[in-house]
Amino acid sequence: MRVVLKIVGGVMLLTVVVVALAVTIVPKFLDRIYYRGPATGHFDGVRFANPDNDADTQQIQPAGRGGGRAGFFWRYFTGSDGRPAWPKSVAVQRIAPPARVEGQRMVVTWVGHASVLIQTQGLNILTDPIWAEQAGPLGTGPRRVAEPGIAFDALPKIDLVLVSHDHYDHLDKATLARIWQRDRPRIVTSLGNDSVIGQTGAKATALDWGQSVAIKPGVAVTVTRNHHWGSRWFTDRNRALWSSFVVTLPSGNVFFAGDTGMGDGQWPVEAAALGPIRLALIPIGAFRFVAGQMESGSHIGPVDAVEVYRRLGAAHAIPIHWGTFRLSFEGYDTPPKLLAAAMRCTGQSGFTPVAIGRPVEVAGYAKPATGTPMPRTALLKCLDTADVRALR
């Protein structure tokens, strides 16, 4: 009996030691230092922050609506959140894009989620490329319901890649490695993400908000502010910066919002100050984490997306970040339906969905008609209809 007790005691002691070491060591092991540099208004020397307040990015649903991030994930993975069913797969009709598009013509193909191929000025530009089957670490995470709109082998030679931040559904190392090995493109990202990208063997140019890099005469990329956060392993939160981008072009600029909440709402105004925007890529999905929610701190929904579109002064916009990976509560087609309703309420035009895998020609820049801004409260009142309330 004494021998058994000693063995049990030894096992218990060893377990306590292992747990204690794990609590001490594992968080530090999972943490990463992606960037070192001087402190700024959005970097304290250790981690980045949103200067317009980080509090709303800490929770994924409004205060008083059922808890924070841990509660959401528990309900998500146990299937107890009452979320509407999504299709297991969505048919995609692929049309191979052209090899090049010269001059002022612009052809755009939505690959899915935040991955978009933009072809203009003889350049092939790709945003947040992800060809992975799942968006998460070690083969985990949400599984795509729509295959990539362009088969990887049909992807034309890529000249420029924009990577907005380090979340797995935006920075897919396997995809970046394949593109780098094949094409050696210029990769532009925000501070710290070049460290993550570098783990693939690829080289990236990392810039702070407001900094620019020339791509070729008449074409440059400026890294611009948005409102989000970053992490690969939870404990490395905000070690790398998140961003949107403006690609300045002779025929009107392209704005890529990346992944963003509304924040102070001034970041689209800052992007518009860099020149007229011919095309904006604006997220509309992953905004609902409880029934009826219209936005989260980290993700705008259609209600705020139409205001972002107006503040950008963009001639055209394509909604992205929906219908590929299930990241939230809302139904599969709720984002585009709610977007259409919000556009009707505000009287705007030119911000409409496109099909995954179908190249579309984007008309040249023409200054959009200026309308009277609709206060958010008025827009929500306009959207308070039976049809909108029926959207899960």
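Below: a short report on this structure. Fair warning: this is a prediction, and the values are worked out from it, not measured in the lab.

1. So, the sheet that holds strand β13 (residues 360-361)
Step number 1: The seven strands are arranged β6-β5-β4-β3-β2-β1-β13 in an open sheet whose pairing can be described as mixed. Pairing within the sheet leaves two strands with one partner each, and these edge strands are β6 (205-207) and β13.
Step number 2: Two strands pair when backbone bridges link them, and strand β3 (residues 123-127) and strand β4 (residues 160-163) are joined in this way by three bridges, in the parallel orientation. Among the inter-strand pairings, leucine 126 is bridged to a residue of β4, identified as valine 161.

2. What about the pairing of strand β1 (residues 106-112)?
Step number 1: Of all the seven residues making up β1, seven are buried; the element is thus mostly covered by neighbouring parts of the structure.
Step number 2: Here β1 folds back onto strand β2 (residues 115-120), and the loop between the two strands holds two residues, one of which, histidine 113, carries a positive phi near 55°.
Step number 3: Sheet topology note: the β1/β13 ladder contains two bridges and is antiparallel. Counterpart to valine 107 in the pairing with β13 is glutamate 361.

3. Structural notes on the sheet that holds strand β7 (residues 212-216)
Step number 1: In spatial order, the strands read β7-β8-β9-β10-β11-β12; together these six strands make up an open sheet with mixed pairing. Across the chains shown, the open sheet's two edge strands, defined by having one partner strand only, are β7 and β12 (316-320). Within the sheet, the average angular offset between the axes of one strand and its neighbour, ignoring direction, is 15°.
Step number 2: Pairing of strand β9 (residues 244-248) with strand β10 (residues 253-256), which is carried by three bridges, proceeds in the antiparallel orientation. Paired with valine 246 across the two strands is phenylalanine 255, which belongs to β10.
Step number 3: Along the sheet, helix α7 (residues 302-312) makes contact with β10, β11 (277-283) and β12, crossing β11 at roughly 160°.

4. Here's the deal with the environment of threonine 224
Step number 1: Note on placement: threonine 224 falls in strand β8 (residues 219-224).
Step number 2: Residue class for threonine 224 comes out buried when judged on its relative accessible area of 8%.
Step number 3: Placed 50 residues apart in sequence, threonine 224 and leucine 274 show a C-alpha to C-alpha distance of 10.0 Å.
Step number 4: Residues in contact with threonine 224, not counting those within four places in the same chain, are Trp209, Ser243, Ser244, Phe245, Val246, Phe255 and Leu274.

5. Things to note about the packing of α7 against helix α8 (residues 334-346)
Step number 1: Remark: α7 packs on α8, axes separated minimally by 8 Å, with the N-to-C direction vectors making an angle of 50°. Judged by the angle between their axes, α7 and α8 are oblique. α7 and α8 meet at a crossing whose hand is right-handed. When α7 is examined against α8, the residues Pro302, Val306 and Tyr309 are found in contact with a partner set consisting of Pro335, Leu338, Leu339, Ala342, Met343 and Thr346.
Step number 2: Of the residues belonging to the contact of α7 with α8, the class tally is eight nonpolar, one polar and no charged.

Reading the values: the criteria
- Residues numbered from 1 in each chain as written.
- Predicted model: local features only at pLDDT ≥ 70, side-chain atom pairs only at ≥ 80, totals over all residues.
- Heavy atoms only, no water.
- Pairing = 2+ DSSP bridges.
- Helix = DSSP H or I, 4+ residues; strand = E, 2+ residues; numbered from the N terminus.
- Buried < 20%, exposed > 50% of the residue type's maximum accessible area, 1.4 Å probe, protein only.
- Axes fitted to C-alpha atoms, helices over the stretch in contact; angles between N-to-C directions.
- Contact = heavy atoms within 4.5 Å.
- Parallel < 35°, antiparallel > 145°, perpendicular 65-115°, else oblique.
- Left-handed = near helix turned anticlockwise from the far one by under 90°.
- Nonpolar A, V, L, I, M, F, W, Y, C, P; charged D, E, K, R; others polar.

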